[in-house]
Amino acid sequence: MEYTSCKLNEVLREIHSGGTPSTSVEEYWNGSYKWLSSGETNQRFIYDTESKITERGIKESSTKLAKKHSVVMACAGQGKTRGQVSFLFDEMYVNQSVIVLNPYGDIVLPLYLFYNLTNRYDELRGGSDASSTRGSITTSSLKNLSFSYPSLRTQERIIDILFSYDSLIEVNNKRIKLLEQMAEELYKEWFVRFRFPGYENTEFKDGLPKGWTLSTEYKPIIPKGWHYGEFGELGKFARGKNITSAEMIEGEIPVISAGLEPSGFHNEANVHGRSLTISASGANAGYMKYNLDDIWAADCSYYQDSEKLWFAYHSLRFLQPVISNLQCGAAQPHVHPKQINKLMVIIPPENIISKFCGFAEPIYAEIKQLRDTNNNLIKQRDLLLPRLMSGKLEV
């Protein structure tokens with residue numbers, strides 16, 4: 001298979017980064033234009049953004065447009081962010097920590113460029129600018145990056161193979177999101193709107209917790225037999241145990257740290273089965289996720305109660321803004337387990353909790369099945385990727 005070798009800049013029609021409208025100017029934000037931050041490049045394919053900006057925010061800042069089907073790369077960021085590559089399925093503006101790359105389409109197909117750079121994550125990070133405190137990938141270093149490409153026909157075949165895996169993974173991810181929304185809506189129906197099984201024949205009472213007063217005339221009304229209590233009544237969050245790289249023996253058990261994504265893998269678990277984890281420190285302190293397999297809980301707090309897990313999860317998810325505001329510590333934000341355990345939540349009778357978890361369990365069992373399928377697809381795709389890029393595997 002013949003490859004043409006060159007500098008990346010020779011096949012690029014466009015390469016640039018962007019900027020951030022001032023966060024102190026309200027008129028720049030909550031508009032209708034998508035605005036991408038470097039952290040969002042943890043998605044391989046991006047359709048939407050968390051933040052939106054206004055036309056004024058565009059005109060009065062250095063942000064720049066990334067067209068639909070652009071390749072974008074995080075050029076800075078903590079943890080694993082720097083060097084992440086994504087493909088855009090819509091146009092959006094980008095910040096200064098995102099580099100936009102568009103190749104000449106009659107030479108290199110955009111998706112081929114995406115897969116090529118995805119395959120070079122470690123190389124890209126290793127070539128970061130050492131003078132930066134966080135390390136950074138510059139447009140200059142990317143322009144001088146060595147690049148090889150085959151004929152357009154061969155590129156199309158390579159894309160067809162790899163994108164078939166990614167398409168299946170994307171379909172499964174969308175299904176997972178829908179299932180999560182179903183479980184969340186079920187919680188709100190039962191425990192926010194109080195339309196749980198048998199609610200029609202249930203008496204309601206003043207639900208104000210003992211010793212509480214309100215500055216308004218509003219009084220919360222809850223079903224008789226329910227009460228507000230500390231989350232600790234449902235089970236306790238405990239502190240994880242950090243392990244050093246020297247203590248870590250490589251295995252398949254994810255080590256969950258402050259970012260709540262695996263920071264490494266160990267051969268042992270200190271939390272078995274399904275669990276909840278809340279980031280204990282750093283910028284993400286207070287953020288929560290559920291785990292469907294064994295983990296090693298490191299710089300996080302964890303909760304494990306198989307009987308009440310899904311009720312506990314959705315109770316805290318409903319209070320996520322409150323938990324995020326629990327951050328304390330000037331230099332390094334923290335959220336401690338004791339703070340979580342003292343949160344006031346609504347607590348129904350055991351039989352209602354059990355019934356809710358019974359409905360939620362099949363939803364999360366299906367999510368686990370879809371995630372396991374995706375993990376297998378990812379392994380297969382990642383085995384093929386370097387072989388296809390190098391030409392060792394004929395197409």
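Remember, it's a predicted structure, so these values are computed and weren't measured experimentally.

Description of the sheet that holds strand β20 (residues 296-297)
Read from one edge to the other, the open sheet built from three strands follows the order β17-β16-β20, with strand pairing classed as mixed. Each edge of the open sheet is held by one strand with a lone partner, namely β17 (262-266) and β20. Bridge count for strand β16 (residues 253-256) against β20 is two bridges, and the pairing is parallel. Paired with Ile256 across the bridge in β20 is Ala297.

A closer look at the environment of Arg13
By secondary structure assignment, the location of Arg13 is in strand β2 (residues 12-17). Judged by its relative accessible area of 47%, Arg13 falls in the partly exposed class. A sequence separation of 309 residues divides Arg13 from Val322, and the C-alpha atoms of the two residues are 47 Å apart. Residue contacts for Arg13: discarding those within four places in its chain leaves Asn102, Pro103 and Tyr104.

Here we look at helix α2 (residues 110-118)
Of all nine residues in α2, eight are buried; the element is thus mostly enclosed. Taken together, the buried positions of α2 are Leu111, Tyr112, Leu113, Phe114, Tyr115, Asn116, Leu117 and Thr118.

Concerning the side chain of Lys34
Position of Lys34 relative to the elements: it lies in strand β3 (residues 29-36). Note on Lys34: relative accessible area 18%, which makes it buried. In terms of polar contacts, Lys34 uses its side chain to reach the backbone carbonyl oxygen of Tyr47, at 2.9 Å. A polar contact of 2.5 Å, which involves the side chain of Lys34, links it to the side chain of Asp90. Sequence-distant contacts of Lys34, defined by excluding residues within four places in its chain, comprise Tyr47, Asp48, Thr49, Ser51, Lys52, Asp90, Glu91, Met92 and Tyr93.

Things to note about unusual backbone geometry
The backbone of Asn30 sits at a positive phi, close to 65 degrees, despite the residue not being glycine. Its place among the elements puts Asn30 in strand β3. Classification of Asn30 by relative accessible area gives exposed; the value is 73%. A positive phi angle, near 60 degrees, is found at Phe194, a position not held by glycine. Among the structural elements, Phe194 can be located in the loop between α5 (152-191) and β12 (204-206). Take Phe194: its relative accessible area is 12%, and that puts it in the buried class.

Side note on the environment of Asn9
Looking at the secondary structure, you find Asn9 in the loop between β1 (4-7) and β2. The exposure class of Asn9 is partly exposed, given its relative accessible area of 35%. Separated by 136 residues in the primary sequence, Asn9 and Leu145 place their C-alpha atoms 7.8 Å from one another. For Asn9, the residues in contact, after removing those within four places along its chain, are Ile15 and Lys143.

Let's talk about the sheet that holds β2
Judged by pairing direction, the sheet is mixed, and its five strands sit side by side in the order β2-β10-β7-β8-β4 without closing on themselves. Only two strands of the sheet have a single partner each, and these edge strands are β2 and β4 (45-46). Direction of pairing for strand β7 (residues 71-74) relative to strand β8 (residues 85-88): antiparallel, over a ladder of three bridges. Opposite Val72, over in β8, you have Ser86 as the bridge partner. α2 contacts β2, β4, β7, β8 and β10 (98-103) of the sheet and is inclined by roughly 165 degrees relative to β8.

Brief notes about the packing of helix α6 (residues 309-318) against helix α9 (residues 350-390)
Taken N-terminus to C-terminus, the directions of α6 and α9 make an angle of 90 degrees; their axes are 8 Å apart at the nearest point. With respect to their mutual orientation, α6 and α9 come out roughly perpendicular. Residues Leu309, Trp310, Phe311, Tyr313 and His314 of α6 pack against Ile353, Phe356, Cys357, Ala360, Glu361 and Tyr364 of α9. Class assignment for the residues of the contact of α6 with α9 results in nine nonpolar, one polar and one charged.

Describing the nonpolar core
If you look at the biggest cluster of nonpolar residues, it comprises 43 residues, and the most contacted ones within it are Trp310, Leu316, Phe356 and Tyr364. Listed by contribution, the elements that provide at least two residues to this core are α5, β18 (275-279), β19 (288-291), α6, β22 (344-347) and α9. In terms of residue count, the dominant contributor to this core is α9 (nine residues). If we ignore the near neighbours within four places in the chain, the residues touching Leu316 are Phe231, Phe237, Ile278, Met288, Ile323, Ile340 and Leu343.

About the thresholds
- Residues numbered from 1 in each chain as written.
- Predicted model: local features only at pLDDT ≥ 70, side-chain atom pairs only at ≥ 80, totals over all residues.
- Heavy atoms only, no water.
- Pairing = 2+ DSSP bridges.
- Helix = DSSP H or I, 4+ residues; strand = E, 2+ residues; numbered from the N terminus.
- Buried < 20%, exposed > 50% of the residue type's maximum accessible area, 1.4 Å probe, protein only.
- Contact = heavy atoms within 4.5 Å.
- Polar contact = N/O pair within 3.5 Å; in protein donor to acceptor, adjacent residues only side chain to side chain.
- Axes fitted to C-alpha atoms, helices over the stretch in contact; angles between N-to-C directions.
- Parallel < 35°, antiparallel > 145°, perpendicular 65-115°, else oblique.
- Nonpolar A, V, L, I, M, F, W, Y, C, P; charged D, E, K, R; others polar.
- Core = buried A, V, L, I, M, F, W, Y, C linked by side-chain atoms within 4.5 Å.

Read these as layout, nothing more, since geometry by itself doesn't imply function.
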